[in-house]
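Next come the chains, spelled out residue by residue.
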Amino acid sequence: MRILWVCNIVPPAVAEQLNTATTVKEGWITGTLERLSRENTDIELGICMPVNDIDGIYKRDNVKAGSLDIACYRFLEQTSSPWVYDATLEKAA
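Treat the numbers as computed from the prediction; the structure is a model and nothing was measured.

Enquirer: Outline the pattern of salt bridges, supporting the account with residue identities and numerical values.
Expert: Throughout the structure, instances matching the rule amount to two salt bridges. Among the ionic pairs, Glu44 bridges to Arg2, the shortest N-O distance being 3.7 Å. Of this pair, Glu44 sits in strand E2 (residues 44–50) while Arg2 is found in strand E1 (residues 2–6), placing the two residues 42 residues apart along the sequence. Here Arg2 falls in the exposed class, since its relative accessible area comes to 71%.

Printed below as a string of structure tokens:
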């Protein structure tokens, strides 16, 4: 089975191998990753996550969590300016 997670954090087990920062929140991601790594060897896991401090890496294979191989994909997260809600984009009811 192939699974792609789009996450708002870099899971600690992955951050350690990528030598990048992580944050301690979203514990369900870490817990689920640990359980998948112990119990399911037929899963191909891809994680798409915000990684702003690694230049040039857009995909990395061979990241491990227990017996689970992970393909890591990154996206740049815009954190320098806040999101602004634009009510004009709403469809009129």
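Enquirer: How would you explain the side chain of Ser37 if you had to name every residue and give the values?
Expert: Among the secondary structure elements, Ser37 is positioned in helix H2 (residues 27–39). You can call Ser37 buried: its relative accessible area is 11%. The contact partners of Ser37, leaving out residues within four places of it in the chain, are Ala65, Gly66, Ser67 and Leu68.

Enquirer: Requested: an account of a nonpolar patch on the surface, with residues and values cited.
Expert: Together, Leu4, Val6 and Tyr73 make up a nonpolar patch on the protein surface, roughly 300 Å² of accessible area in all. Assignment of secondary structure puts Leu4 in strand E1.

Enquirer: Describe in detail the nonpolar core, supporting the description with residues and values.
Expert: The biggest cluster of nonpolar side chains holds 20 residues, and the ones touching the most others in it are Trp5, Val14, Leu33, Leu45, Ile47, Met49 and Ile70. Elements with a contribution of two residues or more to this core: helix H1 (12–18), H2, E2, strand E3 (59–65) and strand E4 (68–75). Excluding anything up to four places from it in sequence, Val14 contacts Leu33, Ile47, Met49, Val63, Ile70 and Cys72.

Enquirer: How would you sum up the state of the cysteines? Please name residues and give values.
Expert: Tallied over the full model, the rule gives zero disulfides. Looking at the unpaired Cys48, the closest cysteine sulfur is the one in Cys7, lying at 8.4 Å. According to the relative accessible area criterion, Cys48 is buried, its value standing at 17%. In this model Cys72 remains outside any disulfide bridge; the closest cysteine sulfur is found in Cys7, 9.9 Å from its own.

What counts, and where the lines are drawn
Residues numbered from 1 in each chain as written. Predicted model: local features only at pLDDT ≥ 70, side-chain atom pairs only at ≥ 80, totals over all residues. Heavy atoms only, no water. Salt bridge = Lys/Arg side-chain N within 4 Å of Asp/Glu carboxyl O. Helix = DSSP H or I, 4+ residues; strand = E, 2+ residues; numbered from the N terminus. Buried < 20%, exposed > 50% of the residue type's maximum accessible area, 1.4 Å probe, protein only. Contact = heavy atoms within 4.5 Å. Patch = residues over 30% accessible without salt bridge, like charges linked within 9 Å, V, L, I, M, F, W, Y side chains within 5 Å. Areas by Shrake-Rupley, 256 points an atom, 1.4 Å probe, with all protein chains shown as cover. Core = buried A, V, L, I, M, F, W, Y, C linked by side-chain atoms within 4.5 Å. Disulfide = S-S within 2.5 Å.

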